[in-house]
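Next come the chains, spelled out residue by residue.
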Amino acid sequence: MDQRILVLDGNQRASLAAVRSLGSKFLTVAVGETSVNSLAGSSRYCSERISYSDPTLAPRAFMDDILSHIGKLGITFLLPITEATAYVLLKYRQELPDSVTLPFPDSDIVERVANKNELFRLALQQGIPVPETLECQNRLEGLETLKSVKEFPIVLKPAKSKILLEESIVSTQVIIANTREEAEEALKTNSFFSFPYTIQAFVEGQGQGVFALFNQGRPVCYFAHRRLREKPPGGGVSVLSESAMVTDSLRSHTEKLLCPINWHGVAMVEFRVSDDGTPYLMEINPRFWGSLQLAIDSGIDFPWLLYLASTGRPIPRSVWKHRRVRWLLGDLDRLYLVMKAPLAAYPLSRKLRELFYFLKPGLRTRHEVNRWEDLSPFWFELKNYIRGLKK
């Protein structure tokens, strides 16, 4: 049977990585976005480009568009990259033709990990450390709960990063409050605290993630990376990263969480490791991650392995290799922020050192977007970058 794949969220770098992975295996790959032209759609491995309604503004219209494209293009495998597109597809999953594979477990299983309130309860049942947590259902309950909180800072963490309503998707954010007054102000001014969330103790430490693929409750492969440079420099999106070994403790915690619920598909499991070495669970995202290309370059080809696992094909053994990957234009943005920062934050000697590191990334470093065998996505990204500078 001819397999036809539709990768959504074409302006995500993870979408580009997925298109290159699957297209290089001689699969027919179409790319969708809210506009016909997109980063991943510029790839030589894209066979068709389509557009659809914005899922954050019109979930139902988005689903109708997807169903139409499935029929016209004969799509058999549907790969959403962001939470917004994934959650809408899961909500209307029963409307998908039987011939279409959506590489996720049942919606109630996804809810157990995507909903942080449910996830923390699951973690405690499995003996996995979580920060001290107080669960709240709405703003008023949180304001009352704050009265019993003695130590700050605290973390106000919505149960879901994307809340799917009938007519739209509400985006939320995690807020760190250093004082009781900051916490009260955040609860009063952010409308998403009308929905369930938790008040958590702040854990000092280092963030560590585990990227995993499971096949019907069984682990297939793992990956981890180390962030070397981020935008903004104080912490944010990785612009230079390298592959890293997954520790035994984080691997064990991941399996304790995902094996009992028969997880299927990819998952990004985030921990914060405290100064005493305790890994506290932060969240699980049931989607691909920003550094997907790094994993592929390091020998763990997640999109291809996910496709094989979800279509019942044999899964080959992966061989891990140490690699570095750089997002060039993101790294350029970071350098600009460093150079314009006050000397009190970045002395001249450090600025010169950062410039040197930017100009000499290392012999084993590959570029994430600009690749000789597939240059069109970089030209697309560069043109949009220049347009942004002119605004």
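So, how was this worked out
- Residues numbered from 1 in each chain as written.
- Predicted model: local features only at pLDDT ≥ 70, side-chain atom pairs only at ≥ 80, totals over all residues.
- Heavy atoms only, no water.
- Pairing = 2+ DSSP bridges.
- Helix = DSSP H or I, 4+ residues; strand = E, 2+ residues; numbered from the N terminus.
- Axes fitted to C-alpha atoms, helices over the stretch in contact; angles between N-to-C directions.
- Parallel < 35°, antiparallel > 145°, perpendicular 65-115°, else oblique.
- Contact = heavy atoms within 4.5 Å.
- Nonpolar A, V, L, I, M, F, W, Y, C, P; charged D, E, K, R; others polar.
- 1 Å grid on protein atoms, 1.4 Å probe; cavity = no way out; pocket = protein on both sides within 12 Å on 5 of 7 lines; lining within 4 Å.
- Points joined across faces, edges and corners; volume = space filled by probe spheres on them.
- Expected span 1.5 Å × (residues − 1).
- Buried < 20%, exposed > 50% of the residue type's maximum accessible area, 1.4 Å probe, protein only.
- Arc of directions from axis to C-beta.
- Patch = residues over 30% accessible without salt bridge, like charges linked within 9 Å, V, L, I, M, F, W, Y side chains within 5 Å.
- Areas by Shrake-Rupley, 256 points an atom, 1.4 Å probe, with all protein chains shown as cover.
- Salt bridge = Lys/Arg side-chain N within 4 Å of Asp/Glu carboxyl O.

### So, the sheet that holds strand β5 (residues 133-136)
Stage number 1. Across the sheet, 4 strands lie side by side as β5-β10-β6-β9; this open sheet has antiparallel pairing. The two strands at the open ends of the sheet, each matched to only one other strand, are β5 and β9 (175-177). Put simply, the sheet's adjacent strands are angled 20° from each other on average, direction ignored.
Stage number 2. Pairing of strand β6 (residues 154-158) with strand β10 (residues 197-201) involves 5 bridges; the strand directions are antiparallel. By the bridge assignment for β10, P158 is matched with Y197.

### Focus: the packing of helix α6 (residues 139-146) against helix α7 (residues 180-189)
Stage number 1. It is at 10 Å that the axes of α6 and α7 come closest, and there the two elements cross at 175°. In terms of orientation, α6 lies roughly antiparallel with respect to α7. Taken together, the residues of α7 that come into contact with α6 (itself represented by R139, G142, L143 and L146) are R180, A183, E184, L187 and K188.
Stage number 2. Here the contact of α6 with α7 is composed, by residue class, of 4 nonpolar, 1 polar and 4 charged.

### A closer look at empty space enclosed by the protein
Using a probe with the size of a water molecule, rolled over the atoms, empty space left in the structure can be pinpointed.
Stage number 1. One pass over the full model with this rule turns up 2 cavities of 30 Å³ or more.
Stage number 2. Estimated volume of the largest cavity: approximately 50 Å³.
Stage number 3. Looking at the largest cavity, the residues that line it are L79, P80, P103, F104, V266, P286, R287, F288 and L306.
Stage number 4. Forming the boundary of the second largest cavity are R229, D331, R334, L335, E354 and F358.
Stage number 5. Within the residue set of the lining of the second largest cavity, elements represented by two or more residues are α11 (328-340) and α12 (348-359).
Stage number 6. A breakdown of the residues in the lining of the second largest cavity according to their chemical character gives 2 nonpolar, no polar and 4 charged.

### Description of the layout of surface pockets
Stage number 1. For the second largest pocket, the calculated volume is near 280 Å³.
Stage number 2. Lining the second largest pocket are 14 residues, with E132, V149, E151, I154 and A201 positioned closest to its centre.
Stage number 3. The set of elements that each furnish at least two residues to the lining of the second largest pocket consists of β5 and β10.
Stage number 4. Broken down by element, the residue count for the lining of the second largest pocket peaks at 3 residues, all from β10.
Stage number 5. Across the lining of the second largest pocket, the residue classes break down as 8 nonpolar, 3 polar and 3 charged.

### Structural notes on helix α2 (residues 59-73)
Stage number 1. The end-to-end C-alpha distance of α2 is 21 Å, a good match for the 21 Å that 15 residues give at a rise of 1.5 Å each.
Stage number 2. Residues of α2 that are buried: P59, F62, M63, I66, H69, I70 and L73. Projected onto a plane normal to the axis of α2, the buried residues spread over an arc of 125° and lie on a single side. Turned more than 90 degrees from where α2 packs its buried face, G71 and K72 sit exposed.
Stage number 3. With its phi angle positive at about 70°, G74 sits one or two positions after the end of α2.

### Topic: a nonpolar patch on the surface
Stage number 1. Among the surface-exposed residues, M339, L343, L348, L352, L355 and L359 lie close enough to one another that they form a single nonpolar patch of about 590 Å² accessible area.
Stage number 2. Note on placement: L359 falls in helix α12.
Stage number 3. Residue classification places L359 among the exposed residues on the basis of a relative accessible area of 63%.

### Description of the sheet that holds strand β1 (residues 4-7)
Stage number 1. Pairing is parallel in the open sheet, where 4 strands are placed in the order β3-β2-β1-β4. Only two strands of the sheet have a single partner each, and these edge strands are β3 (48-51) and β4 (77-79). Between one strand axis and the next, the sheet turns by 25° as a mean value, whatever way the strands run.
Stage number 2. Sheet strands touched by α2: β1, β2 (28-33), β3 and β4. Its angle to β3, the strand with the most contacts, is close to 155°.

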